[in-house]
Structures are given as structure tokens and as C-alpha cells.
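Reading the structure
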Amino acid sequence: MTGPQRPEGLRISQTLLDTVIEHCRRGYPDEACGIVTGFSGKARRVYCLTNVAPDKSRRYLIDAREQFRVFREMREAGEELVAIFHSHPATAAYPSQTDVDLAFYPQAAYVIVSLAGSRPDVRAYRIDRERRSVVPVAVIVESESPDVRKDEHSRRTEPGGY
Amino acid sequence: MDISVNGSQRAVAAGQTVAGLLAELEMNPDVVNVQLNGEIVPRSRFGEVSLKDGDQVEILMFMGGGAR
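The rules behind the values
Residues numbered from 1 in each chain as written. Chains lettered and ligands numbered in written order. Predicted model: local features only at pLDDT ≥ 70, side-chain atom pairs only at ≥ 80, totals over all residues. Helix = DSSP H or I, 4+ residues; strand = E, 2+ residues; numbered from the N terminus. Buried ≥ 20, exposed ≤ 12 C-beta atoms within 10 Å, placed from the backbone. Contact = placed C-beta atoms within 7 Å. Nonpolar A, V, L, I, M, F, W, Y, C, P; charged D, E, K, R; others polar. Pairing = 2+ DSSP bridges. Expected span 1.5 Å × (residues − 1).

So, about the overall build of chain A. Summing up its helical and strand segments, chain A has 4 helices and 10 strands in all. For chain A, the α and β elements follow one another from N to C terminus as β-α-β-β-β-α-β-α-β-β-β-β-α-β. Expressed as a percentage of the 162 residues in chain A, the buried residues total 39%.

Looking now at the interface of chain A and chain B. In this complex, chain A contributes 24 residues to the contact, which on the side of chain B involves 15 residues. Tallied by class, residues from the side of chain A that touches chain B come to 12 nonpolar, 6 polar and 6 charged. Sheet topology places strand β4 (residues 60–61) of chain A next to strand β6 (residues 64–65) of chain B; 2 bridges connect them, and they run antiparallel. Along β6 of chain B, the bridge assignment pairs Leu61 of chain A with Gly64 of chain B.

Another aspect to go through is helix α2 (residues 64–76) of chain A. With 13 residues, α2 of chain A should cover 18 Å at 1.5 Å per step; its first-to-last C-alpha distance of 18 Å lies within 8% of that length. By the burial criterion, the buried members of α2 of chain A are Arg65, Glu66, Gln67 and Val70 of chain A. Buried residues belonging to α2 of chain A abut β2 (33–39) and β3 (42–49) of chain A together with β3 (32–36), β4 (39–40) and β5 (56–61) of chain B. Within two residues after α2 of chain A, Gly78 of chain A carries a phi angle of roughly 70 degrees, on the positive side.

Nothing here speaks to function; it is geometry throughout.
Structure representation (C-alpha cells):
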């Protein structure tokens, strides 16, 4: 018998993690958001996307056109949805009620970057909205071998840029 | 008639609407975005846009949330 499967964490290079944090800092004091794609829980691409929520200071909603484009590119590249990230400009890096209500992607790690402290605090969770379950998972910063780094890049999607 | 939904083939009744397809799929229309042949369908038109044979439909749940 084996125990319950341990929820998978997010494996990401420092370069891509820095891209996530920088996008969140640029968005401050509003919330910023984006998508991480890759394979088997390992980040390969970071998409810095547009927050179209009416009240960006406390909500995020990823632009639908950009989301469709990311999913198309992800499918064409044979990649998977690895994580969805957003910032909490003034609160802790823990999912809010709204985050749980709108967590429609149980296969993804939900990454929250808190900018409330003197340094960004990055945390990841698996969220089951039906069970109202929030399970912290590790953010594992992996070293960048030349072979891996060659394949990694980040993409910034400009509003209306396609 | 046959359409494609998120890359998978699916048979639907002739004249099926976007709203009808979402009901078939048991998806809440209030929390999805729908693209029909590359164009986003406004939520207000889900009930009136009919699908045609060979249409490519993409449906994505919202990605959202927030600090409060």
C-alpha cells in the first residue's frame, strides 16, 4: 500500500522565477498575473499577461484573448499548464476566498507573489475548489544547465498585440 | 454534425447554439470564455450564435481571483 500521493510542487529556474516576480513588481500597486507552461510540473515558459479585472487593486482576471493564445501555443508545443500566478500587492501569499472560488484548474499550481513585505514572498498551492482545499506545495528553484537554459525563455504579451 | 471542441471532435445536433453546447458539457456559462473559429463570442450572444458543421470551438474556464 502506498500513502496518498504527495501534491506536486513547481520546479522553476531562477531566471523564470525572476520573470514572474518582475512582472508582479511592474504591476504594483495593482495585481499582476500570468501563466507558466512546461512539462511534468517543470516550468519552461512564463507568459506575463494582462489583468482585465475591473478592480485591479484587489482582483485579477487574465485577458481572454491572451489566455486562448497561450493555450493554443501550449497545445502546439506539446506543453502542459504548469502554474497560474498572480500578485497580492498588500496581503500575504495565501489564497483568498476569491482565489479558491475561481480555481478552475486543479492540475495547475497556483502561485501567489506577495509584495506586502520588504522582499517578494512566493508561495504555491494546489487548490480544490469543490472541497475548498488549499494545499501548500514547494517552489523548487532548479539550477540552470546550459541545455535547459537554451530552451527557456519568457514571453511578454502586450495588450492587443496579436 | 461534427465540430471540434478544444481540439477534440464532437457530434452535436444541427443548429445547436453555444449556450446549448455549454449545457451539454455541463459548463457554467458565467465562468467560461468561448472562441468560435478564432473569434471570441460575447457572453451576451451565447444563446443566439448557432454552430455549423466543421466549426472549431475553444472553451476555457476563467483564470482569476484576487487578494480580497
